[in-house]
Amino acid sequence: MHLKRTAAALLACTLLLGLTGCFDYTEDAKFDEKGAGKLSIVFNLGDLSPIEKMAAALVKKNPFSKESFEKDLPAGVKLAEYKEVVENEQKKIFITYEFDDLNKLAQARANDKDDLIFKNISLTKVNDVWIFSRSVKYKDKEQLENAKKHLSRSKIVLKLTGPGKLVKEQSNPMRVEGENTCVWEGTFPELIEGKDGSGTVMKAQYDVGKFPTGLVIGLVAAVVVVVAAGGVLMMRKKPA
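Residues numbered from 1 in each chain as written. Predicted model: local features only at pLDDT ≥ 70, side-chain atom pairs only at ≥ 80, totals over all residues. Heavy atoms only, no water.

1. So, the sheet that holds strand 10 (residues 181-186)
Convention followed: Here the rule is simple: two strands pair whenever DSSP picks up at least two bridges between them. In this description a helix means any DSSP run of H or I spanning at least four residues, a strand means any run of E spanning at least two, and both kinds are numbered starting from the N terminus. To obtain each axis, a line is fitted to C-alpha atoms, and for helices this fit is confined to the stretch in contact; angles are then taken between N-to-C directions over 0 to 180 degrees.
Reading across from one edge, 3-4-2-1-7-10-9 is the order of the seven strands in this open sheet, with mixed pairing throughout. The sheet is open, and its two borders are formed by strand 3 (77-87) and strand 9 (175-177), each paired with just one other strand. Each neighbouring strand pair of the sheet contributes to a mean axis angle of 15°, computed without reference to strand direction. Summarising the sheet, strand 2 (residues 37-46) and strand 4 (residues 90-99) pair through nine bridges and their orientation is antiparallel. Bridging from a neighbouring strand, N44 pairs with K92 of strand 4.

2. What about the packing of aromatic side chains?
Basically, it comes down to this: Each aromatic pair joins two rings of Phe, Tyr and Trp (for Trp, the six-membered one) with centres within 6.5 Å, and gets the label stacked for planes under 30 degrees apart, edge-to-face for over 60, and tilted for any other angle. Exposure classes here rest on a 1.4 Å probe applied to the protein chains alone. A residue is buried below 20% of its type maximum, exposed above 50%, and partly exposed in between. Note on geometry: a ring has a charge over it if NZ (lysine) or CZ (arginine) is within 6 Å of the ring centre and within 35 degrees of the ring normal.
Under the defined criterion, the tally for this structure stands at four aromatic pairs. Between Y25 and F43, the ring centres sit 5.3 Å apart and the planes meet at 90°, which makes this aromatic pair edge-to-face. Here the residue Y25 occupies a position in strand 1 (residues 24-31), and F43 occupies one in strand 2, the gap between them amounting to 18 residues. Neither residue differs from the other here; Y25 and F43 are each classed as buried. Here the aromatic cluster, defined as three or more aromatic residues joined through ring pairs, consists of F31, W130 and Y206. In this structure, K83 is placed above the aromatic ring of F94, and the distance from its NZ or CZ to the ring centre is 5.1 Å.

3. Remarks on the pairing of strand 6 (residues 129-136)
Both strand 5 (residues 121-126) and strand 6 contribute to a ladder of six bridges, which runs antiparallel. Within strand 6, the position partnered with T124 by the bridge is I131. Count of turn residues in the strand 5/strand 6 antiparallel hairpin: two residues, of which N127 carries a positive phi of about 55°. Direction of pairing for strand 6 relative to strand 11 (residues 200-207): antiparallel, over a ladder of eight bridges. Directly across from V136, in strand 11, lies its bridge partner T200.

4. Regarding helix 5 (residues 141-150)
We apply this condition: This arc describes the spread of directions from the helix axis toward the C-beta atoms. In protein, a polar contact requires one atom able to donate a hydrogen and another able to accept it; more generally it is a pair of N or O atoms within 3.5 Å, and residues adjacent in sequence count only if both atoms are side-chain atoms.
All of the buried residues in helix 5 are Q143, L144, A147 and H150. For helix 5, the angular spread of buried residues about the axis comes to 150°, placing them on one side. Those residues of helix 5 that are exposed and aimed more than 90 degrees away from the buried face are K141, E142 and K149. N-capping of helix 5 is provided by D140, with a side-chain oxygen placed 3.3 Å from the backbone N of E142.

Listed below in structure tokens is the structure:
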């Protein structure tokens, strides 16, 4: 995923330009037992006719073009889909990235000091447990106040689906969809401020451990023995 252009466009069009923005951003990430998977994004930018012009003037290019989203992608990450839809003067962008390692999505963000949401992602595996963490935080008080002033009507939804069983005791989603999809959501200022003012840290753990084959065979054998013994006893039992 190369979300630098997304974040740059978002900040350029709202925080830096001081526009009152109303947008919806939904991100749905899925990864498998190897850490590979895909990320789907739906970015509803609303009426972009004036915003696109100002953003393009600021960054000297169109920050919402397909080229901007697929440029400089790290190895192992590719842009699988890019689609623009305009309905009732509202513009939506649909993006899908495929990756062989979720950490590569964060590597491209590491040096972007203005990226508040898309970097600081970590995925590690300890034995049979995948451990995911992601932190978002404002850079300074001025940035937080600008976000509260201009982005209070925004809506951000971040979803994560991992393999195996969700370890609920070690996860902190705002809600869970199905059995193992963690969801964090809120306005842009709510996420970067967090409940205690220090930002939001998202955590999720997935246990991919399988029932040991030897144990399964042993349990089946034990059941067979018990059933057979019960049958023998029934046959030996004399009628009343």
